[in-house]
Amino acid sequence: MAAFNRSELADLNVFMAIIRRRSFRHAAHELGVTTSALSHTMRNLETRLGVKLLYRTSRAVEPTDAGSLLAEKLTLGFATIQDGLDTLELYREAPIGRLRLNVPRDAAVLLVSPILGEFTRAYPQLRLDVMVEDRMIDIVAEGYDAGIRYGATVPQDMVAVPLTGELRWVMVASPSYLESAGTPKIPTDLLQHSCVRMYLGDKTTYKWELGNGARQQRIDAPGHFSAADTQTIVDAALQGVGIAYCLQHRVQQELADGRLVEVLPDWACIGAPLCLYYPSRRQSQPGLRQLVDLIRLRALAAQAVKTGNV
């Protein structure tokens with residue numbers, strides 16, 4: 001082939017988006033174009049190259065042998081290009097471009113939402129895209145620059161940057177529930193109570209981790225109500241549905257004003273911090289360092305207010 005022009009490089013980027021997503025519709029959403037435009041681009045690219053790159057059915061999109069080989073080579077090539085662009089961040093006074101994050105709901109509420117106004121005002125030339133979901137994903141395959149997850153769940157081939165200290169997981173219930181059902185004294189008492197069960201991202205039910213170290217116990221808490229997000233779990237506890245298990249940070253106000261009471265406080269679990277993570281091969285994403293710094297600064301300020309050191 002002759003030297004690349006801008007259009008050909010853009011077409012190859014379209015091809016790689018389709019490979020990542022295994023879907024024309026999802027790739028079109030990622031790139032901000034229509035599905036028909038992507039189909040037209042791929043037809044033109046295959047015609048120019050003289051090779052069929054994709055098998056497309058009503059259910060899925062898969063690369064041909066030639067498409068797989070091309071995708072493998074392009075992955076290395078685009079990584080090199082990205083690394084070259086990333087180095088420019090060292091010379092910019094303010095980040096420019098787009099930063100795509102995937103975060104769980106707890107992190108969105110506790111870490112991202114509180115700094116959105118300040119961050120977007122400070123860096124108006126940066127486009128920040130945040131997808132909130134609790135399921136575990138491959139951030140590279142899904143087209144994200146970085147993610148936030150609990151430290152123990154971050155893939156080992158990623159760079160992990162702690163955003164918080166260790167996190168305290170507690171059991172809470174409303175005063176009305178405890179008045180009617182009694183207060184558990186030991187972990188096994190929970191088996192006789194109604195508990196608000198928690199679904200994980202893979203649709204399995206979470207077994208509560210109580211205590212730390214050698215004394216830690218895992219309880220398959222019984223209950224007739226389950227939810228996948230913390231806010232619904234907290235709401236259920238507030239309404240007397242049963243005992244809930246969640247991050248202490250998510251119920252600080254409810255505990256302070258007495259709407260919820262901590263249950264078995266000596267059996268609270270100290271867990272891994274929330275971490276921002278990104279592929280180790282990337283040097284620096286636009287705005288990533290600034291986002292980490294602002295989240296940490298806000299967390300330190302909140303801790304200072306809590307301890308009275310202001």
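Residues numbered from 1 in each chain as written. Predicted model: local features only at pLDDT ≥ 70, side-chain atom pairs only at ≥ 80, totals over all residues. Heavy atoms only, no water.

## Thoughts on the overall build of the protein chain
Rules: We count a stretch as a helix when DSSP gives it H or I for four or more residues in a row; a strand needs E for two or more, and each element gets its number in order from the N terminus. For each residue, the accessible area found with a 1.4 Å probe, counting protein chains only, is set against the maximum for its type, and the residue is called buried under 20%, exposed over 50%, and partly exposed in between. Working rule for contacts: check all heavy atoms of both residues, and any pair within 4.5 Å makes them a contact.
Within the protein chain, the secondary structure is distributed over 10 helices and 15 strands. A total of 310 residues make up the protein chain; the buried ones form 41% of that total. Within the protein chain, residue pairs in contact and separated by at least 24 positions form 73% of the contacts whose partners lie at least 6 positions apart.

## Notes on helix α8 (residues 230–238)
Put simply, the rule is: Relevant arc is that of directions from the helix axis to the C-beta atoms, nothing else.
Taken together, the buried positions of α8 are occupied by Thr230, Ile233, Val234, Ala236 and Ala237. Here the buried residues of α8 occupy an arc of 160 degrees about the axis, which is enough to place them on one side. With its phi angle positive at about 80 degrees, Gly240 sits one or two positions after the end of α8.

## Some thoughts on the packing of helix α2 (residues 24–31) against helix α3 (residues 35–49)
Packed helices, taken two at a time, are described by their axes: the angle between them and the distance between them. Going by this rule: With axes taken as lines fitted to C-alpha atoms, and helix axes fitted only over the stretch in contact, angles between N-to-C directions fall between 0 and 180 degrees. Every angle not falling under 35 degrees, over 145, or within 65 to 115 is termed oblique; those three ranges are roughly parallel, roughly antiparallel and roughly perpendicular. Throughout, the ten residues Ala, Val, Leu, Ile, Met, Phe, Trp, Tyr, Cys and Pro are labelled nonpolar, Asp, Glu, Lys and Arg are labelled charged, and all others, Gly among them, are labelled polar.
Closest axis-to-axis distance for the α2/α3 pair is 8 Å, and the angle between their directions is 105 degrees. Taken together, α2 and α3 sit at an angle that is classed as roughly perpendicular. For the pair α2 and α3, contact is made by Phe24, Arg25, Ala27, Ala28 and Leu31 and by Thr35, Leu38, Ser39 and Met42, respectively. Of the residues in the contact of α2 with α3, the class split is 6 nonpolar, 2 polar and 1 charged.

## Overview of the environment of Asp220
Just so we agree on the cut-off: Two N or O atoms form a polar contact when they lie within 3.5 Å of each other; inside protein one atom must be a possible hydrogen donor and the other a possible acceptor, and for residues adjacent in sequence the pair counts only when both atoms belong to side chains.
Inspection of the secondary structure puts Asp220 in the loop between β10 (217–219) and β11 (225–227). With 13 residues separating them in the primary sequence, Asp220 and Lys207 have C-alpha atoms 4.7 Å apart. Those residues in contact with Asp220, other than ones at most four positions away along the chain, are Leu191, Arg197 and Lys207. Side-chain polar atoms of Asp220 contact the side chain of Arg197, separated by 3.4 Å.

## Points about the packing of aromatic side chains
The line we're drawing: Aromatic rings from Phe, Tyr and Trp, taking only the six-membered ring of Trp, are treated as a pair when their centres fall within 6.5 Å; an angle between ring planes under 30 degrees marks them as stacked, one over 60 as edge-to-face, and anything in between as tilted.
Enumeration according to the criterion identifies 5 aromatic pairs in this entry. With a centroid separation of 5.7 Å and an interplanar angle of 45 degrees, the aromatic rings of Tyr206 and Tyr245 are classed as tilted. Note that Tyr206 is positioned in the loop between β8 (196–198) and β9 (208–210) and Tyr245 in strand β12 (residues 244–247), a separation of 39 residues in sequence. Of the two residues, Tyr206 and Tyr245, both sit in the buried class.

## Re α3
Threshold: One fewer than the residue count of a helix, multiplied by 1.5 Å, yields its expected span.
Taking 1.5 Å per residue, 15 residues should reach 21 Å; α3 reaches 21 Å between its end C-alpha atoms and fits that length. Downstream of α3 by a residue or two, Gly50 has a phi angle that is positive, lying close to 75 degrees.

## Focus: the side chain of Ser23
Tracing the chain through its elements places Ser23 in the loop between α1 (6–21) and α2. A relative accessible area of 13% places Ser23 in the buried class. In terms of polar contacts, Ser23 uses its side chain to reach the backbone amide nitrogen of Arg25, at 3.2 Å. At 3.0 Å, the side chain of Ser23 forms a polar contact with the backbone nitrogen of His26.

## Here's the deal with the nonpolar core
Considering soluble globular proteins, one finds that nonpolar side chains tend to be buried as a cluster. Selection criterion: The definition of a nonpolar core used throughout is a set of buried Ala, Val, Leu, Ile, Met, Phe, Trp, Tyr and Cys residues joined through side-chain atoms within 4.5 Å. Note that the domain bounds were set by an automatic or database domain assignment.
Ranked by size, the top nonpolar core spans 57 residues in total, and within it Met171, Trp208, Ile243, Tyr245 and Leu276 carry the most contacts. Take this core: its biggest share by element is 6 residues, from strand β7 (residues 167–173). Taken together, domain 2 (92–166 + 273–307) and domain 3 (167–271) each give at least three residues to this core, which thus spans both. If we skip the residues at most four places from it in the chain, Leu276 touches Ala146, Gly147, Ile148, Val159, Ala160, Val161, Leu163, Leu288, Leu291 and Val292. Counting 18 residues, the second-largest nonpolar core is a separate cluster that includes Ile18, Ile19, Leu53 and Ala71.

## Things to note about the pairing of strand β3 (residues 97–103)
Put simply, the rule reads: By the convention used here, strands pair only if DSSP detects at least 2 bridges between them.
Pairing analysis gives 7 bridges linking β3 to strand β4 (residues 126–132), with the strands arranged parallel. Residue pairing in the sheet places Arg98 in a bridge with Arg127 of β4.

## Looking at the sheet that holds strand β5 (residues 146–150)
Sheet architecture is open: 5 strands sit in the order β4-β3-β5-β15-β6, paired in mixed fashion. One side of each edge strand has no neighbouring strand; the edge strands of this open sheet are β4 and β6 (158–162). When strand polarity is set aside, the average angle formed by the axes of neighbouring strands in this sheet is 25 degrees. Pairing analysis gives 2 bridges linking β3 to β5, with the strands arranged parallel. Note that in β5 the partner of Leu101 across the bridge is Ala146.

## Some details on the side chain of Gln290
Note that Gln290 resides in helix α10 (residues 288–307). Residue class for Gln290 comes out buried when judged on its relative accessible area of 10%. Leaving out residues up to four positions away in the same chain, Gln290 has contacts with Pro95, Phe119 and Tyr123.

## Comments concerning the confidence of the model for the protein chain
Operational definition: The predictor attaches a confidence to each residue, called pLDDT, with possible values from 0 through 100.
Per-chain confidence: the protein chain averages 86 in pLDDT, with 89% of residues scoring 70 or above. When mean pLDDT is taken per element in the protein chain, strand β13 (residues 261–263) scores highest with 97 and α10 scores lowest with 76.

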